[in-house]
Amino acid sequence: MPPQRILVTGAAGLVGAMLRTRLARPDRVLRLLDIQPPAAAGPGERVELRTAAITDPEAVQQACDGVDAVIHLAGRSREHTWEEILSTNVDGTRNLLEAARKAGVPRVILASSNHATGFLPVAGAGEAGFPDDAPPCPDTYYGFSKAAMEALGSLYHSRFGMDVICLRIGACTARPNDERDLSIWLSPDDAGRLFEACLTTPSPGFRVVWGVSRNTRRLFSPNGAEQIGYHPRDDAEEHAAEVVPNRPGAERDYLGASFTTLPLGEPD
Ligand code: 15L
């Protein structure tokens, strides 16, 4: 059996670095693509390193060759100018999906964000939590690009039968930083579990799933996670004593918090 080959775009970023060790398997090769050169392979590490922009059609096409699944993390991770968001996040995602289609890659996992639905009122989460497929209500151009990413994923599923899972990730950091993170944290180990579930769940079709840990203060339905076999274990509450208060103001009324009041299109 040839090893499974997974392309990870944006592999040198924060989440990419977390997944690099956590998705390593003896029968798996991780092909790591980033605009910044990914760190050199460690001893015995089964990785292939590629340095290119996500908007480079030829390089991304080559990166998709012989791949069983793609984890797409590349792109701006915060607010930026309209032009930059359109180019890197929207065109970059289309470039990736198009290359995956041409290469016959059957499954793509897209890193969306809670900011695709940043204007969900926190008070509306209720007992059941926000549903995984809550309609987009982005809070920034960045959030818009994540909603556009989800829509592109839906298009490529409907047209070409590609399995596409969009993960609406909360705050994926080593530890929760502020009070808000106690609701939306995705721990590094749970991120590993989440992406592994996305790689292994049979025939997911197109779906949108919240990417969070099993936080006591969670605002999200666990249904989508359960359906793909993601069983989070970490709880931000264990770090509650260490977090700093939220930034002052009314931002906490909405899921996207401070993103809902950032000046639109100003690099954050
Ligand atoms: C995101 O989507 C960002 O990529 C990340 O930098 C955090 O800001 C996170 O959301 C968040 O909501 O805290």
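This section reports on the structure supplied with the text. (Residues numbered from 1 in each chain as written. Predicted model: local features only at pLDDT ≥ 70, side-chain atom pairs only at ≥ 80, totals over all residues. Heavy atoms only, no water.)

1. Focus on the site of the ligand
- Taken together, the residues surrounding the ligand are Ser77, Arg78, Ser113, Asn114, His115, Tyr142, Gly170, Ala171, Arg180, Ile184 and Phe259.
- Separating an oxygen atom of the ligand from a side-chain N or O atom of Asn114 is a distance of 3.1 Å.
- Across the complex, the protein chains shield 78% of the 320 Å² of accessible surface that the ligand would expose by itself.
- Taking a 2 Å distance to the grid points as the criterion, the majority of the atoms of the ligand fall inside the largest pocket. (Near = heavy atom within 4 Å. Polar contact = N/O pair within 3.5 Å; in protein donor to acceptor, adjacent residues only side chain to side chain. Areas by Shrake-Rupley, 256 points an atom, 1.4 Å probe, with all protein chains shown as cover. 1 Å grid on protein atoms, 1.4 Å probe; cavity = no way out; pocket = protein on both sides within 12 Å on 5 of 7 lines; lining within 4 Å. Sits in = over half its atoms within 2 Å of the grid points.)

2. Details of the pattern of salt bridges
- If you walk through the whole model with that rule in mind, you get 15 salt bridges.
- The partner of Asp189 in a salt bridge is Arg22, and the shortest N-O contact between them spans 2.7 Å. In this pair, Asp189 sits in helix H6 (residues 188–200) while Arg22 sits in helix H1 (residues 14–22), placing the two residues 167 residues apart along the sequence.
- Here Asp189 falls in the partly exposed class, since its relative accessible area comes to 38%.
- Glu196 is paired through a salt bridge with Arg25; the nearest N and O atoms lie 2.9 Å apart. Pair noted here: Glu196 is in helix H6 and Arg25 is in the loop between H1 and strand E2 (28–34), with a separation of 171 residues, a long-range link.
- Classification of Glu196 as buried rests on a relative accessible area of 14%.
- Residues joined in a network through salt bridges with shared partners are Arg5, Arg31 and Glu48. (Salt bridge = Lys/Arg side-chain N within 4 Å of Asp/Glu carboxyl O. Helix = DSSP H or I, 4+ residues; strand = E, 2+ residues; numbered from the N terminus. Buried < 20%, exposed > 50% of the residue type's maximum accessible area, 1.4 Å probe, protein only.)

3. Considerations on the packing of aromatic side chains
- Scanning the entire structure with this criterion turns up 7 aromatic pairs.
- Measuring from ring centre to ring centre gives 5.3 Å for Trp82 and Phe144, while their planes differ by 40°; the resulting arrangement is tilted. Of the two residues, Trp82 is situated in helix H3 (residues 82–103) and Phe144 in helix H4 (residues 141–160); the sequence distance between them amounts to 62 residues.
- Relative to Phe220, the ring of Trp210 has its centre 4.5 Å away and its plane inclined at 45°; by these criteria the two rings are tilted. Of the two residues, Trp210 sits in strand E9 (residues 206–211) while Phe220 sits in the loop between E9 and helix H7 (223–227), which places them 10 residues apart along the sequence. (Phe/Tyr/Trp six-rings, centres within 6.5 Å; stacked < 30°, edge-to-face > 60°.)

4. Re the environment of Arg25
- Here Arg25 falls in the partly exposed class, since its relative accessible area comes to 29%.
- Sequence separation of Arg25 and Ile169 is 144 residues, and the distance between their C-alpha atoms is 24 Å.
- When sequence neighbours within four positions are dropped, the list of residues in contact with Arg25 reads Arg46 and Glu196.
- In this structure the side chain of Arg25 is engaged in a polar contact, spanning 3.1 Å, whose partner is the backbone oxygen of Arg22. (Contact = heavy atoms within 4.5 Å.)

5. Overview of the nonpolar core
- Leu19, Ile71, Leu73, Leu167 and Phe195 are the most contacted members of the largest nonpolar core, which totals 30 residues.
- Where this core is concerned, the elements lending two or more residues are strand E1 (4–9), H1, E2, strand E4 (69–72), strand E5 (107–113), strand E6 (163–169) and H6.
- Considering every element that reaches this core, the biggest residue donor is H6, with 6 residues.
- Not counting the four nearest positions on each side in its chain, Leu73 is found in contact with Val8, Thr9, Gly10, Val15, Gly16, Leu19, Ala111 and Phe195.
- Core analysis: the second largest hydrophobic core is formed by 25 residues, Ala63, Ala74, Val105 and Met162 among them. (Core = buried A, V, L, I, M, F, W, Y, C linked by side-chain atoms within 4.5 Å.)

6. So, H1
- Regarding H1, the residues found buried are Val15, Gly16, Met18, Leu19 and Arg20.
- On the buried face of H1, the contacting elements are E2, strand E3 (47–51), E4, strand E7 (171–172) and H6.

7. Examining the side chain of Ser221
- Within the secondary structure, Ser221 sits in the loop between E9 and H7.
- A distance of 3.0 Å separates a polar side-chain atom of Ser221 from the backbone nitrogen of Asn223.
- Those residues in contact with Ser221, other than ones at most four positions away along the chain, are Ala128, Gly129, Phe130, Pro131, Asp132 and Trp210.

8. Notes on the packing of H1 against H6
- The interhelical angle for the contact between H1 and H6, taken along N-to-C directions, is 70°, at an axis separation of 9 Å. Between H1 and H6, the angle is such that the two are roughly perpendicular. Along this stretch, H1 crosses H6, giving a crossing that reads as right-handed. Contacts between H1 and H6 pair Met18, Leu19 and Arg22 from the former with Pro188, Asp189, Ala191, Gly192 and Phe195 from the latter.
- Class assignment for the residues of the contact of H1 with H6 results in 5 nonpolar, 1 polar and 2 charged. (Axes fitted to C-alpha atoms, helices over the stretch in contact; angles between N-to-C directions. Parallel < 35°, antiparallel > 145°, perpendicular 65-115°, else oblique. Left-handed = near helix turned anticlockwise from the far one by under 90°. Nonpolar A, V, L, I, M, F, W, Y, C, P; charged D, E, K, R; others polar.)

9. Description of the sheet that holds E9
- Spatially, 7 strands are ordered E3-E2-E1-E4-E5-E6-E9 in an open sheet, and the strand pairing comes out parallel. Either end of the sheet is taken by a strand with one partner, and the two such strands are E3 and E9. Averaged over all adjacent pairs, the angle separating strand axes in this sheet is 20°, with direction ignored.
- In terms of strand pairing, E4 meets E5 through 3 bridges, oriented parallel. Considered in E5, the bridge of Ile71 is made with Ile109.
- Seen against the sheet, H3 touches E1, E4 and E5 and runs at an angle of roughly 170° to E5.
- Across the sheet, H4 lies against E4, E5, E6 and E9, angled at about 160° from E5, the strand it touches most. (Pairing = 2+ DSSP bridges.)

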